Amino acid sequence: MDSPGQPKGGNRSREARHGPSHSSGPRQKDAYARLLSQHHSVKFRSYLDQYAQQQGEEHLPSALRQGLVHSDKQDIPPRRRDQALIECSDSSDFSPSPMRDVESGEEFGFVRPQHQMRNKDRHSDLPVENHGKKNMSHGASPLKASSTGPVPEQEKKKSKKKNVPKNNLDNKPDGPAHTDLNADVSNSPLNKVKPAPPQGASVPSDKGKRNRGGRGGSKKQVFDEYMTVEDVSHWLKRGELVQGSIRINPKKYHEAFIASPDGKRDIFLDGIVARNRALNGDVVVVQILPQEKSKRPPSPDVIVEAEDEEQLAGSLQSVVYIVEQKHSRAATGFLKFLPDKPFAMFSPVDHRVPRVNIPLADCPHDFPSRPGDYTNILFIARITNWPDDSNFAEGRLAKTLGQAGEIEPETEGILIEYDVDFSEFSDEVLGCLPQTLPWTIPPEELRNRRDLRKECIFTIDPATARDLDDALSCKLLPDGNFELGVHIADVSYFVEEGNALDFIASRRATSVYMVQKVIPMLPRLLCEELCSLNPLTDRLTFSVIWKITPEGKILSEWFGRSVIRSCVKLSYDHAQSMIEAPDKLFRADELPACSPEHPVDEIHRAVLNLHAIAKRLRAQRFESGALRLDQVRGLTVICLMPFIYFLTTLSSSRLVEEFMLLANMAVAHQIYRSFPQKALLRRHPPPQTKMVDDLQEFCDQMGLSIDFSSAGTLHKSLNETLGDDEYTSARKEVLTHMCSRPMQMAMYFCTGVLTEERLFRHYALNVPFYTHFTSPIRRYADLVVHRLLAASLECWVCGGTLKGEEVQKQATQCNDKKTASKRVQELSAELFFSVFVKESGPLDSEAMVMGILDQAFDVLVLRYGVQKRIYCKGLEGLETFHFHKVGKKGEMTLVWAADEAGRVGVRQEISIFSLVDVQLRTDGTPMKYSAVIKRPNETV
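Rules and cut-offs
Residues numbered from 1 in each chain as written. Predicted model: local features only at pLDDT ≥ 70, side-chain atom pairs only at ≥ 80, totals over all residues. Heavy atoms only, no water. Helix = DSSP H or I, 4+ residues; strand = E, 2+ residues; numbered from the N terminus. Buried < 20%, exposed > 50% of the residue type's maximum accessible area, 1.4 Å probe, protein only. Areas by Shrake-Rupley, 256 points an atom, 1.4 Å probe, with all protein chains shown as cover. Salt bridge = Lys/Arg side-chain N within 4 Å of Asp/Glu carboxyl O. Core = buried A, V, L, I, M, F, W, Y, C linked by side-chain atoms within 4.5 Å. Contact = heavy atoms within 4.5 Å. Pairing = 2+ DSSP bridges. Axes fitted to C-alpha atoms, helices over the stretch in contact; angles between N-to-C directions. UniProt positions renumbered as here; feature names shortened; annotations may be inferred. Phe/Tyr/Trp six-rings, centres within 6.5 Å; stacked < 30°, edge-to-face > 60°.

Going by the annotation in an unreviewed UniProt entry, the name recorded for the protein chain is DIS3-like exonuclease 2, with Esox lucius given as the source organism.

Here it is, written out as structure tokens:
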């Protein structure tokens, strides 16, 4: 386990290609030597012995021949696995994130590389998903090659550079590239390697077309050429290749994953070379080898904290094609001056992004003479090219952000890096909205809608909310049942399909909520005025109204366009106070201004009735097998230094959530019945089975009675088996964190692209059909659903003309932007908390161990709700540490040395759920803080 700051090899060597037609080619002895030293195992030596017998030892590089003889004498510690973070439901980027959207989903200028422009006319025949803005004809084109298929195991070329940099780039000690800085990548030659076909396929002779390297001053090829579009299409159909989105571990950048088609376990890509210049989020095509020949991917470190050496033999799975460059190719980072070079080195803060050579002409004019002045200045760079013979990308400097560690420059960097459009809306876009204010509903529109303005309808939202897009009503009927309504702002009335406003909204796809501000999907005039269901104001809505029994049984339902007048704007706290004091007579001054037509006691009774029905609906959902995985949400809404608010879930919040869920499910059924080939729904695949099996084995060994057979049994287990003391919630959070690892992402999709209805299911909700309907102000997917719903009711023509391909394209865009939005929200929270630690730290807290690796362990800091990794090598006063495991359970023994203060040595045993005392402190790097475990008082 590499700790931060420890230099790491940027690329793993891969097996070289040998064959009758290539025997005269130059040998990559440097790559082989490194491969031998990195994979010092019985299994690998056995393979080399067999290989030497087949090829003849005289054909082997000298370094490899020496390795066969002397490898047993080398004392190279085995490399262990860091955690393989798996995205959970709506989370991404490996980062733990709240599971609220799993259950409800409610509350909350790329430059084309020059060397890749050659085949831009060959991109029309690939039958793969290609719906984003950066498709194969925009920067992801394959290099021109005559390959006929993916590379088999024993013919796969695995060369790489082995150069020691003359300049130590301290700004990025553990970044992906650590090779020769003298390499001039501005005129990188193209390599003409021909990838070979899978086993049994034929390939024309390619004599004279060996990759360059070795002699004549040419550079060695680091990355394989991409396959052609035709070959990718052919081998995808044959099942020899797999397409998916690549996820790169942010804590260990050389580990990457794509989802396996069988849903059992992620496909593991080991090393920078295996990724073949793909960046996080890109849609890639990967060659898959037979199970016995490929590397077993690491399991989450909370389950299997270390892997056996035999499981670390080199993997040949690699990216052979980039279908779509989802990553923005923009990064924040720092500039490093390189003497006697025509470029500077840009070191991204995100180590998953390569270092970038930036022309000096792009740098500040005094940068070459005064580079020290820019040590802590944050820049934005964009990658324009990444040659196949270099570990370094090429790019241009886009912007100087400002001083690192300050909120606004860091925030702007986050937004640009995740391709969030935060520009002001243009005059053309604003011109699509009503220009005469205050706006009133036209009389002809009123005649076409159900008039609900005299009903007791109200909103319940956070106290600071300004875009009020949902309202509730609950009226007692003479027969003892209730008429219950969910009323959603009719954004589709104002956003005409195909105009400039619709286009920008479809590109943004979601509002982005940061700690200190919101980047809206739609102009504020529309969000906060025209569509916001403000009290005592007539507003256009889309309503779902049920006749429902007190026990929560639905007797009938109605969908339609309506007009309402909210009688009061309640906050969650207002509604909570009503729920907690059912018999209290609230005075008018205890609540916001109410409509005179609806007294306070009428509103109070409606809230209590809604609460009672919501509790029954919620109980029924979980009895039917729904799952909720709530994780700690620390700094997510407001942070006023040095005060931090931590959110708690109120009954009033759950009340609203329950009826939003009900409306979403009802609308999903309605639009699917009407448009079975083009309904926009939201599905949540079941968790990966192999990871669930590993977690089940771990829980059994820990004595935890957790049933993973279904979403419902898992939910029940998590709420019944963790004791009843002051640390119960902490243990539940740790276990919830573990359970979230195998979960897959929930996603939007068009029903026409999946052939089986069983694939539509939402695992966490345990329902067959689900969609998003209730937040059209901040989610474009909901706006599309509104149009489909209107078309299904024959009250809007355009929605019925939508094509399935268009719906799926927009679904993909919404998925991408939702993932980016969630990550931006997390990074914003981390940014503010880092500033809080800097301003108010060091901070002491109790913590609970969440996972154990061989040289580090993860903790949940209980007081602040953050998760941090503690590296044993960095602990002051620690004499030794030892990792060991029994089955799936890992343990760590820390031995603290006696010190000058007279304290004797201390032995400390750590395992999952152990309580430790930690301290959060700044570590000298802008916007970074670390956690250290405090020395215990017990003696040996």
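Draft legend 1. How the structure looks around the overall build of the protein chain. Regarding its fold elements, the protein chain presents 20 helices and 32 strands. Burial status across the protein chain gives 60% buried among its 940 residues. Element-wise, carbon and sulfur atoms account for 50% of the exposed surface of the protein chain, whose accessible area totals about 37800 Å².

Draft legend 2. Spatial organisation of the pattern of salt bridges. Here the structure, examined in full by the defined rule, presents 39 salt bridges. For Asp451, the salt bridge identified is with Arg453, shortest N-O distance 2.7 Å. The buried category is assigned to Arg453, whose relative accessible area is 19%. For Lys889, the salt bridge is made with Glu891, and the minimal N-O distance between the two is 3.6 Å. You can call Lys889 partly exposed: its relative accessible area is 23%.

Draft legend 3. How the structure looks around the nonpolar core. With 97 residues, the main nonpolar core has Phe458 and Phe659 as its most contacted residues. Ignoring sequence-local partners within four residues, the contact set of Phe659 consists of Leu472, Leu484, Val486, Trp546, Leu610, Ile613, Ala614 and Leu617. In terms of nonpolar packing, the next biggest core, distinct from the first, is built from 55 residues, Leu718, Val734, Ile910 and Leu920 among them.

Draft legend 4. The sheet that holds strand E7 (residues 330-336), seen in detail. A barrel is described by the order of its strands in space; here five strands give the closed sequence E7-E8-E9-E11-E10, paired in mixed fashion. This sheet shows a mean twist of 50° between the axes of neighbouring strands, independent of strand direction. Note that strand E10 (residues 377-385) and strand E11 (residues 393-403) share eight bridges and pair antiparallel. The partner of Ile383 across the bridge, within E11, is Gly395.

Draft legend 5. Looking closely at the UniProt feature "binding site: Mg(2+)" (unreviewed entry) in the protein chain. Within this numbering scheme, the UniProt entry marks Asp461 and Asp470 as carrying the feature "binding site: Mg(2+)" (unreviewed entry). In this fold, Asp461 is placed in strand E13 (residues 457-461). Structurally, Asp470 is set in strand E14 (residues 470-476). Among all residues touching Asp470, those that are not within four sequence positions of it are Thr459, Ile460, Asp461, His487, Ile488, Leu533, Val656, Met660 and Thr774.

Draft legend 6. Representation of the packing of aromatic side chains. Under the definition given, this model contains 17 aromatic pairs. Seen from their ring centres, Tyr374 and Phe379 are 6.3 Å apart, and the 35° between their planes marks the pair as tilted. Exposure remark for Phe379: the relative accessible area of 0% places this residue in the buried category. Ring geometry for Phe833 versus Tyr929: centroids 5.4 Å apart, planes at 65°, classification edge-to-face. Here Tyr929 lies in strand E32 (residues 929-933) and Phe833 lies in helix H20 (residues 804-840), a separation of 96 residues in the sequence. The burial state of Phe833 is the same as that of Tyr929; both residues are buried.

Draft legend 7. Broad picture of the UniProt feature "site: Important for catalytic activity" (unreviewed entry) in the protein chain. The positions UniProt marks with the feature "site: Important for catalytic activity" (unreviewed entry) are Asp469. Mapped onto the elements of the fold, Asp469 is located in the loop between E13 and E14. Among the residues examined, Asp469 registers a relative accessible area of 4% and is labelled buried. If we skip the residues at most four places from it in the chain, Asp469 touches His487, Ile488, Ala489, Leu533, Thr774, Ser775, Pro776, Ile777 and Arg778.

Draft legend 8. Examining the pairing of strand E6 (residues 318-324) more closely. Counting buried positions along E6 yields seven of seven residues, so the element is predominantly enclosed. Across five bridges, strand E5 (residues 283-287) lies against E6 in antiparallel orientation. For Val285, the partnering residue across the bridge sits in E6 and is Tyr321.

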